[in-house]
Amino acid sequence: MVEICTIGGYSEVGKNMTAIKSGDEVVILDMGINVAKLINFEEEGNDRSTLDARKLINIGAIPDDTVIKEWGSKVKGIICSHCHLDHVAAIPYLADKYNCPVLGTPFTIEVIKTLLNDEKFKIRNKLVAVTVNSSYKLGNNFEIEFINITHSTLQTVMIAVHVKEGTIIYANDFKFDNYPVLGKKPNYERLRALGKENVLALIVDSLYSNSERKTPSEKVARELLKDVMLGTENQDSLIIVTTFASHLARIRSIIDFGKLLNRKIVLMGRSMFKYSDAAERIGLVNYSKEAEILAYARLMKKKLADIEKNRSKYVIVCTGNQGEPESVLSKMADGRLPLNFKQEDHIIFACKTIPEPLNIKNRAILEEKLKQKKVRIFSDIHVSGHCGREDLRDLIKMVRPQYIFPAHGDKHKLMGLAELAVEMGYSLGKTIHVMEDGKKITI
Ligand SMILES: [Zn+2]
Ligand SMILES: [Zn+2]
């Protein structure tokens, strides 16, 4: 008998957390935050530092783990799928309640260390880095396998939880990228091999289950970027590219094309520094050899004064792709940093606006300011890191689970996957379970 508790991420996008109980032992998969809820709280004039775990739960920013209160002493490990905040950023607030290690790939663990340092949190849990495509024994009942998969950050894994009843595969988040710009291809061999054994359940990313597509490779985003960076009249213009700081493959491409333009590359912003530094600490990238990376305003100001005079010699890679008011790009647009945009400077958004009201509003405000400066704007130079409906179909065909649990979304998104599963012969309420936050089920 296996019990699954869908703690968070089953009624909204964000704050992912799931617990699995086998015998008298439990593992927790992911411990994320709802980024939008936290930002909204601050937008209303509140201060995040006044929030403890209880208050964060109350505003919906972190998962309500009181639903597994009676499982607390049984938890043998907290296992993280990848480094995105909606999967790991509640660890500083919640992990300490559980007397167990936190497991993740080396990059995920480095990012968790950065999060803990940033917020000056001390947790008692040991942080354990597990190599991609290897296994780790937890307690008496669990063997945890990290299967290499692709997504919009490095060292993402599908987690296979092996228990005596079978295997539960946790596939939050993923896409099938056959031409990744950085990192390995998905480990299809292992997924197919598992499909021949006994996959009891699949817990899976349904963010884009309603999109009838196979998500394109990161290589496609690289081509889009190449086209705007190498194929436009930009000889005299400053080029600024903004993207997700954790998207190190995208940053790889920007650096490559910047070099082809014979320009110096400068990464700006605290999170730009944090993620590339975490990746450098474990030897995944070496961007500080190829680019200047500036985290702090004082250094940025000095550099920008120089860039202002030699604008055709630089590519700036910075934070602010969602129009965040305190990001480097917004500060530039406001004149809070010493750089004046000139007509026909190039601003490339290597991202998509996350469809949350706050993000949409912030991006619109930023773009309005940019338009007044008459810069050239290149939007949507991006492909998603999440699977579409046809990737989901392939995954289900590969691993052939007995039960499917759509995750990572509201009801509409979860139902999108449920409809696909019905098409593939599963039965709603029997072999596909559309859950909500805070619910338990026995399979
Ligand atoms: Zn993710
Ligand atoms: Zn996610």
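Residues numbered from 1 in each chain as written. Chains lettered and ligands numbered in written order. Predicted model: local features only at pLDDT ≥ 70, side-chain atom pairs only at ≥ 80, totals over all residues. Heavy atoms only, no water.

### Notes on the pairing of strand β7 (residues 134-138)
This is how the line gets drawn: Strands pair, by our definition, only if DSSP identifies at least two bridges between them. Helix and strand assignments come from DSSP, with helices taken as H or I runs of at least 4 residues and strands as E runs of at least 2, each series counted from the N terminus.
Strand direction decides the pairing type here: β7 and strand β8 (residues 142-149), joined by five bridges, are antiparallel. Each residue of the ladder has a partner; that of Leu-138, found in β8, is Phe-142. Between β7 and the antiparallel strand that follows it, β8, lie three residues; Gly-139 among them carries a positive phi value of about 60 degrees.

### Quick notes on the coordination of the zinc ion (ligand 2)
The criterion, for reference: Distances up to 2.8 Å from the metal define which N, O and S atoms are donors, and 3.2 Å serves for Na, K and Ca; water is absent from the atom set, so sites may look incomplete. Square planar and octahedral sites, with four and six donors, are those where opposite donors lie more than 155 degrees apart and all other angles lie between 65 and 115, tetrahedral sites have four donors with every angle between 85 and 135 degrees, and the rest are irregular.
Of the protein atoms, only Asp-86 (OD), His-87 (NE2), Asp-173 (OD) and His-408 (NE2) coordinate the zinc ion (ligand 2), at distances of 2.2 Å. Of note is the zinc ion (ligand 2), whose four donor atoms meet at the metal with angles of 87 to 160 degrees in an arrangement that counts as irregular. Between consecutive donor residues of the zinc ion (ligand 2), the sequence gaps follow D-H-x85-D-x234-H.

### Re the sheet that holds strand β12 (residues 239-242)
Put simply, the test is: A fitted line through C-alpha atoms represents every axis, and for helices the fit uses only the stretch in contact; the resulting angles, taken between N-to-C directions, go from 0 to 180 degrees.
Ordered in space as β14-β13-β15-β12-β16-β17, the six strands form an open sheet in which the pairing is parallel. The outermost strands of the open sheet, each flanked by one partner alone, are β14 (292-294) and β17 (376-378). Taken over all neighbouring pairs, the strand axes of this sheet differ in orientation by 20 degrees on average, direction set aside. Alignment of strand β13 (residues 264-268) against β14, held across three bridges, turns out to be parallel. Pairing of Leu-267 across the sheet is with Ile-293, part of β14.

### Details of helix α9 (residues 270-281)
To be explicit about the condition: By definition here, a helix of n residues has an expected span of 1.5 Å times n minus one. Relative accessibility decides the category of a residue: with a 1.4 Å probe and only protein chains considered, values under 20% of the type maximum give buried, values over 50% give exposed, and everything between is partly exposed. The arc under discussion is defined with respect to the helix axis, by the directions toward the C-beta atoms.
With twelve residues, α9 should cover 16 Å at 1.5 Å per step; its first-to-last C-alpha distance of 16 Å lies within 8% of that length. The set of residues buried in α9 consists of Met-272, Tyr-275, Ser-276, Ala-278 and Ala-279. Looking down the long axis of α9, one finds its buried residues gathered within 150 degrees of arc, a one-sided arrangement.

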